[in-house]
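Chain by chain, the residues run as shown.
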Amino acid sequence: RREVLLAEFVEAHWCEVEAADDGEGWLDALRECVAGLDGKVQQAVQRAYRDGEDRRTIAVALGLKENGVRTLLQRARAALRECVERRLGRTS
């Protein structure tokens, strides 16, 4: 249920805000922000969102506990959101 609501929110936001350039500006900003993340944080983000790995797999690969991965990803999402908004000249 939570995932469905999140997906609906993201799609509505995407259509409202990013449709003008098909989201290319947003994607470029996101790529730059991900590239600027520190080592383990960048690896965790890429493993979770690019590769679709679960927290347990990421934890083993990075020498962390599952809860540590969860916290790391939460903080990374917040940092990426701020970075993208800053690059696009927006504030929340």
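Anything mentioned here points back to the structure above.
Residues numbered from 1 in each chain as written. Predicted model: local features only at pLDDT ≥ 70, side-chain atom pairs only at ≥ 80, totals over all residues. Heavy atoms only, no water.

1. Overview of the packing of helix 3 (residues 39-50) against helix 5 (residues 66-87)
Phase 1: It is at 10 Å that the axes of helix 3 and helix 5 come closest, and there the two elements cross at 95°. Judged by the inter-axis angle, helix 3 sits roughly perpendicular to helix 5. Facing K40, V41, A44, V45, A48 and Y49 of helix 3, the residues of helix 5 in contact are L72, L73, A76, R77 and L80.
Phase 2: Split by residue class, the contact of helix 3 with helix 5 holds nine nonpolar, no polar and two charged. (Axes fitted to C-alpha atoms, helices over the stretch in contact; angles between N-to-C directions. Helix = DSSP H or I, 4+ residues; strand = E, 2+ residues; numbered from the N terminus. Parallel < 35°, antiparallel > 145°, perpendicular 65-115°, else oblique. Contact = heavy atoms within 4.5 Å. Nonpolar A, V, L, I, M, F, W, Y, C, P; charged D, E, K, R; others polar.)

2. Some thoughts on the environment of R56
Phase 1: Tracing the sequence through the fold places R56 in helix 4 (residues 55-62).
Phase 2: On the basis of relative accessible area, R56 is assigned to the exposed category, the value being 56%.
Phase 3: For the pair R56 and E66, spaced ten residues apart in sequence, the C-alpha to C-alpha distance is 5.6 Å. (Buried < 20%, exposed > 50% of the residue type's maximum accessible area, 1.4 Å probe, protein only.)

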